[in-house]
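Topology and contacts: notes
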Number of protein chains: 2
Amino acid sequence: MRDSNREWYFVERPEGEPDLDCFELRESEVPEPDPGDVLVRVRYLSVDPYMRGRMRDVESYAEPWDVGDTLEGGVVGEVVESESERYDEGDFVTGNGAWADYCVLDADDTAPVDPDVGGLPAYLGVLGMPGRTAYFGLLDVGEPKPGDTVVVSGAAGAVGSVVGQIASLNGCRVVGFAGSDEKTDWLTEDLGFDAAINYKDVDDYRAALDDAAPGGVDVYFDNVGGPITDAVFTELNVDARVAVCGQIAHYNDEGVPTGPRKLPQLIAPRAKVQGLLVGDYATRFGQASEQLGEWVATGELHHRESIVDGLENAPDAFLGLFAGDNIGKQVVKVSE
Amino acid sequence: MRDSNREWYFVERPEGEPDLDCFELRESEVPEPDPGDVLVRVRYLSVDPYMRGRMRDVESYAEPWDVGDTLEGGVVGEVVESESERYDEGDFVTGNGAWADYCVLDADDTAPVDPDVGGLPAYLGVLGMPGRTAYFGLLDVGEPKPGDTVVVSGAAGAVGSVVGQIASLNGCRVVGFAGSDEKTDWLTEDLGFDAAINYKDVDDYRAALDDAAPGGVDVYFDNVGGPITDAVFTELNVDARVAVCGQIAHYNDEGVPTGPRKLPQLIAPRAKVQGLLVGDYATRFGQASEQLGEWVATGELHHRESIVDGLENAPDAFLGLFAGDNIGKQVVKVSE
């Protein structure tokens, strides 16, 4: 079992929409852990929209991938060999590792996983980076107050679904934009959103928003950009806060996308628009994990993972993010 | 002298760029002050870019003018008849009044003017609303720190010229965009700007900015919008702050102007962009006035007014704002 390994390589920079030609699966040796490391049998790996940015040859917050690099991201798996005192064989851990059957992680860059809370895939979603992004992005940048109307784009995604629920827990009215009736039903029936708009089913986003949020928008948590965001900006209340977490509608754009100018719209409402990266909150990750874990344990915070089966299908799972295939967090199941 | 009065009326809503047909000067009676009021012989009146917004039939922070309304704005003048205990005849006051030879002001809505500090027109500029806008917009929204690079658009205007100087007083490196060599010379030679870019003289704003601010932009105080702002947004440093004070490049646009999308540019630098209205700081106007007056008195804060002579020329002075005719604050001299 441990004799063979497979790893995904980034072999071609995409122009516009990426496709399967950007990826190549190669056989390799199972890597050896150095002192302080653990060898992990990957159970689940994470595909995330931000990875599209790493495919560009542009310096940014996440280091760009060079052609020929191994693809990597969040993983959760079982320690099968430990050169660290922190872990024993059989422990579960999460960290950043290769899209592979096996990967080596520096134990200091991992967090232990309790498989009884939320299940393993949750550590790539609600209990992982997307959950923490939602937590800090909404609470620190969005600053929701009880009674506020909070609008979320990409509301059925890994981050958006958590944002809406935390807003609800904070006494806000929550409206989500998502791309199918199955998604909007999930938002309103299971997650407690007050309203949800299937943007593929309405022509006039602004009118739909006006129906769903007749009092205007106090907080907008944006994962998407594009025409949804254009509509929301017309409905911002005085002192509105906009957290710009993602802009998935534009990640495959070549060149700089254009659209309605938003700065003139900010003056009358004195709105604040702020970009966010979860890494800025690293010193407070413990606080977020504890709170999110508690909400998951009590059932106040629902979560869902879309699972693509098999390491060989990881690129498809990644590409599906841009088609909106996932409900909740998209993960790839690598092994039982 | 006091038998005749003239007042400007708003008689036609402009589409796109306003012209003289929007205005009509009418003879009228000198108004009578009620108890609590003062009758003021106007010395100077203010024309400001925000007034273009009042010409639109759209609810906003400043009440829209109806066709047939008297035009109004900041005035400074001499009390010629007082029905208030706060003022005697011969006192100077500033407040919001008609574009007219005489206007009646409620004494409670005025501030006394010391003609020995800065001169009367300064109370419509550095010691008036534009000065306070610069003060709160830069310090509260821009949050400049010593060593920051602060970029100002419309830098030779009433607000921008004060912003740049306050930034300098706070130990920042200051770069201004303005529209003539006379303006940029004023900024660098008299106001202490570290660099100034005549945007009418350069093709590539981004390259010019890169030369003038090689370390990137920490604070951007935007009075203008359009291509200058597009260039500045490509140079924002991590944790940059953008104060959106005005967007004069777009005030005459019909419909919603389009341009490069800026939200995708905010994520990597985690930049904050915020609209501002000076009225939100009303409870702290005293603090601002005291500080600005002190800086003017000590000569640390320079100011300049562009003066158009004669009430009959007030619309020309207003229209000239959009052509960039003014250096410093544009005022109209109504009487000696």
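Our subject is the structure that appears above.
Throughout, a residue's number is its position along its own chain's written sequence, starting from 1. Going through the entries in the order they are written, you letter the chains from A and number the ligands from 1. Thresholds applied to this predicted model are a pLDDT of at least 70 for local features of residues and 80 or more for the giving and counting of side-chain atom pairs; totals over whole chains, interfaces and linings are not thresholded and use all residues. Water and hydrogen atoms play no part in the side-chain values, which are based on all heavy atoms of the structure.

Looking now at the interface of chain B and chain A. Between chain B and chain A, the residue contacts involve 35 residues of the former and 35 residues of the latter. Buried area adds together the accessible area that both of two parts lose upon being put together, with accessible area traced by a 1.4 Å probe. Around 2800 Å² of area is buried between chain B and chain A when both sides are counted, 63% of it from carbon and sulfur atoms. On the chain B side of the interface with chain A, the three residues burying the most area are Arg261(B), Leu263(B) and Ile267(B), jointly 29% of the side's total. Put simply, a salt bridge is a Lys or Arg side-chain nitrogen that is within 4 Å of an Asp or Glu carboxyl oxygen. Our count for the chain B to chain A interface comes out at four salt bridges. Put simply, Arg270(A) and Asp280(B) hold a salt bridge, and the shortest N to O gap is 2.7 Å. The helix count covers DSSP runs of H or I at least four residues long, the strand count covers runs of E at least two residues long, and both are numbered beginning at the N terminus. Where the side of chain B that touches chain A is concerned, the elements lending two or more residues are α6 (226-233), β13 (258-260), α7 (263-267) and β14 (272-275) of chain B. For the side of chain B that touches chain A, the leading source of residues is α6(B), giving five residues. We call two residues in contact when some of their heavy atoms are within 4.5 Å.

With that out of the way, let us pick up the environment of Asn170(B). Residues and elements named next belong to chain B. Mapped onto the elements, Asn 170 comes out in the loop between α3 (160-169) and β9 (173-178). Owing to a relative accessible area of 29%, Asn 170 belongs among the partly exposed residues under this scheme. The spacing of Asn 170 and Asp 148 is 22 residues in sequence and 9.2 Å in space, taken between C-alpha atoms. Counted as a polar contact is a pair of N or O atoms within 3.5 Å, where, for protein atoms, one must be capable of donating a hydrogen and the other of accepting one, and residues adjacent in sequence contribute only when both atoms are in side chains. Engagement of the side chain of Asn 170 in a polar contact is seen with the backbone oxygen of Ile 166, the distance being 2.8 Å. When a residue's accessible area, from a 1.4 Å probe over protein chains only, is under 20% of the maximum for its type it is buried; when over 50% it is exposed; and in between it is partly exposed.

Our focus in this paragraph is the relation of the copies chain B and chain A. The copies are overlaid by a least-squares fit using only the C-alpha atoms of residues whose pLDDT is at least 70 in both copies. When chain B is brought onto chain A, the operation consists of a screw motion whose angular component is 180 degrees and whose axial shift is 0.0 Å, with 0.0 Å RMSD remaining. A rotation of that kind, with that shift, is consistent with a two-fold axis. The C-alpha atom lying nearest the rotation axis in chain B is that of Val273(B); the distance is 2.5 Å. The fraction of interface residues of chain B whose copies in chain A are also interface residues reaches 100%, indicating that both copies meet through the same surface.

A separate point is the pattern of salt bridges. What the rule picks out here adds up to 38 salt bridges over all chains. Glu72(A) is the salt-bridge partner of Arg54(A), the closest N and O atoms lying 3.4 Å from each other. Highlighted residues: Arg54(A) in helix α1 (residues 51-54) and Glu72(A) in strand β4 (residues 72-82), separated in sequence by 18 residues. Residue classification places Arg54(A) among the buried positions, given a relative accessible area of 9%. As a salt-bridge pair, Arg6(B) and Glu312(B) come within 3.3 Å of each other at their nearest N and O atoms.

Moving on, we come to the side chain of Arg241(A). Residues and elements named next belong to chain A. Within the secondary structure layout, Arg 241 lies in strand β12 (residues 236-244). A relative accessible area of 8% means that Arg 241 is categorised as buried. Of the polar contacts made by the side chain of Arg 241, one reaches the backbone oxygen of Glu 143; its length is 2.6 Å. Discounting residues that sit within four places of it in the chain, Arg 241 has contacts with Val 141, Gly 142, Glu 143, Pro 144, Lys 145, Asp 148, Asp 218, Val 219, Tyr 220 and Lys 272.

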